[in-house]
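Below, each chain spelled out in residue letters.
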Amino acid sequence: MKLEKIELRHIKMELVSPFTTSMGTEYDEEHIIVRVDGEGLTGWGESVAEGTPFYSYETVTTAWHILSEFLIPAILGKNILNIDEAIALNAKVRGHMMAKAGLEAALWDLFAKSKNISLSKMLGGTRNKIDVGVSIGIQPSAAELIRKVEGYLADGYKRIKIKISPGNDIQFVSALRNQFADILLQVDANSAYELKDIDLFKQMDDYNLLLIEQPLGYEDIYDHSKLQRELKTPLCLDESIHSIDDTRAAIELGSCRVINIKPGRVGGFTESKLIHDYCASKNIPVWHGGMLESGIGRAGNVALASLPNFTLPGDISASKRYYKQDIVEPEFIVNKDGTMNVPSLPGIGVEVNLKMLEKVTVKKELFCK
Ligand code: OSB
Ligand code: MG
């Protein structure tokens, strides 16, 4: 496949409601859309680096720099036989997983289209529907949170995740559990706590949570192993896992019993598959995280989540839960039974709405050999 043209677009999309976490409040989402053209076909990917370096050190600006100065020049104009070749050409770039993942995703879409198969099929997916959940930001009151959860349960979502931060934690968990005794419920702290907060997590242990996501430091693996030893509830790592090596360390140390996979955080689908397969071999369930993606990134997430060891519902919600209008057609919807259909058309399986894409683009650059 000759990689003839690559285009980057910095996009900015307004969220339908602000999203508050222990890292702050987001009103709109900025990402980079990567378009790769070759042999009459077009591949699309999304780099989930955000406007701010609060979830990860990467930002739209750092990802743009790494893509335009290093990753794109290394592959542009080359005739590559497969995605591993493209990865090898950029293996010397350290870190910058989100920059790498955005470009790799566009190549996966392009190669799947060239083989005339769905991205799900090319990745090794085994189901045509996936179970989905919803991630809810910190709310002003327990009453407001309960109202939101009622709405999402009525939409069909199979699992509720709430964001927590010091001072906004146990009262929300307890209010939800009192109201909804049987729902699948989990919490995400985005690294807002320390080991000395262990008593809080021991209290949470009584609420039958599916898991507690990333309570401690965003690079920590060791302290999580100490916390996990004291709890019945599985810990799940998100921020701390950037590779298969991190995954092995976390599992062998007993730092968590579940892994959140986000291709952006680990450098792409190829590394995600390694993590998925390793976890399957260790009986560690995985689930697909989210970064408030547009439909382009979401399509890739849905395809990856169709692999067999994604046994817990993902943070993969309907387009309309995030944005008034998505940039793909058809938009992603949640079925009444809490599933989402895995696109079966070639590649990401949805069409990019070029008019909408243009509307949300704040900057673009075309790279040609
Ligand atoms: O920690 O999972 C997270 C969004 C942005 C950054 C980090 C996280 C999240 C979410 C949203 O929880 C999940 C989604 O896309 O629905
Ligand atoms: Mg998380």
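Look up a bit, the structure's there.
The following refers to the structure shown. (Residues numbered from 1 in each chain as written. Chains lettered and ligands numbered in written order. Predicted model: local features only at pLDDT ≥ 70, side-chain atom pairs only at ≥ 80, totals over all residues. Heavy atoms only, no water.)

Turning our attention to the site of ligand 1. As a matter of local geometry, ligand 1 sits amid 15 residues, with Ser135, Asp188, Asn190, Leu292 and Tyr322 nearest to it. If ligand 1 stood free it would expose 390 Å²; the protein chains cover 100% of that surface. (Near = heavy atom within 4 Å. Areas by Shrake-Rupley, 256 points an atom, 1.4 Å probe, with all protein chains shown as cover.)

Along strand S6 (residues 159–163), 5 of the 5 residues are buried, which leaves the element largely enclosed by surrounding structure. Alternating residues of S6 divide into Arg159, Lys161 and Lys163 and Ile160 and Ile162, and every residue in both groups is buried. Relative to strand S7 (residues 184–188), S6 is paired through 5 bridges, and the arrangement is parallel. In the strand pairing of S7, isoleucine 160 is matched with leucine 185. Tracing the backbone out of S6, into helix H6 (residues 170–179) and back to the parallel element S7 gives a crossover that is right-handed. (Buried < 20%, exposed > 50% of the residue type's maximum accessible area, 1.4 Å probe, protein only. Helix = DSSP H or I, 4+ residues; strand = E, 2+ residues; numbered from the N terminus. Pairing = 2+ DSSP bridges. Right-handed = clockwise from strand over helix to strand, strands pointing away.)

With that settled, the discussion passes to the sheet that holds strand S3 (residues 41–47). Strand order in the open sheet made by the 4 strands is S3-S2-S1-S15, with antiparallel pairing throughout. Two strands in the sheet have a free side with no partner beyond their single neighbour: S3 and strand S15 (361–368). Averaged over all pairs of adjacent strands, the angle between their axes in this sheet comes to 25°, without regard to strand direction. Where strand S2 (residues 24–38) meets S3, 7 bridges bridge the pair, whose relative direction is antiparallel. (Axes fitted to C-alpha atoms, helices over the stretch in contact; angles between N-to-C directions.)

The tally for this structure, following the rule as stated, stands at 16 salt bridges. Two residues, arginine 9 and glutamate 358, come together in a salt bridge whose shortest N-O distance is 2.9 Å. Placement of arginine 9 in strand S1 (residues 5–21) and of glutamate 358 in helix H14 (residues 354–360) is noted, with a sequence separation of 349 residues between them. For glutamate 358, a relative accessible area of 39% translates into the label partly exposed. A salt bridge links arginine 159 to aspartate 315, with the nearest nitrogen and oxygen atoms 2.9 Å apart. On the criterion of sequence distance, the pair formed by arginine 159 in strand S6 and aspartate 315 in the loop between helix H12 (295–304) and helix H13 (319–322) is long-range, its members being 156 residues apart. Exposure remark for aspartate 315: the relative accessible area of 5% places this residue in the buried category. (Salt bridge = Lys/Arg side-chain N within 4 Å of Asp/Glu carboxyl O.)

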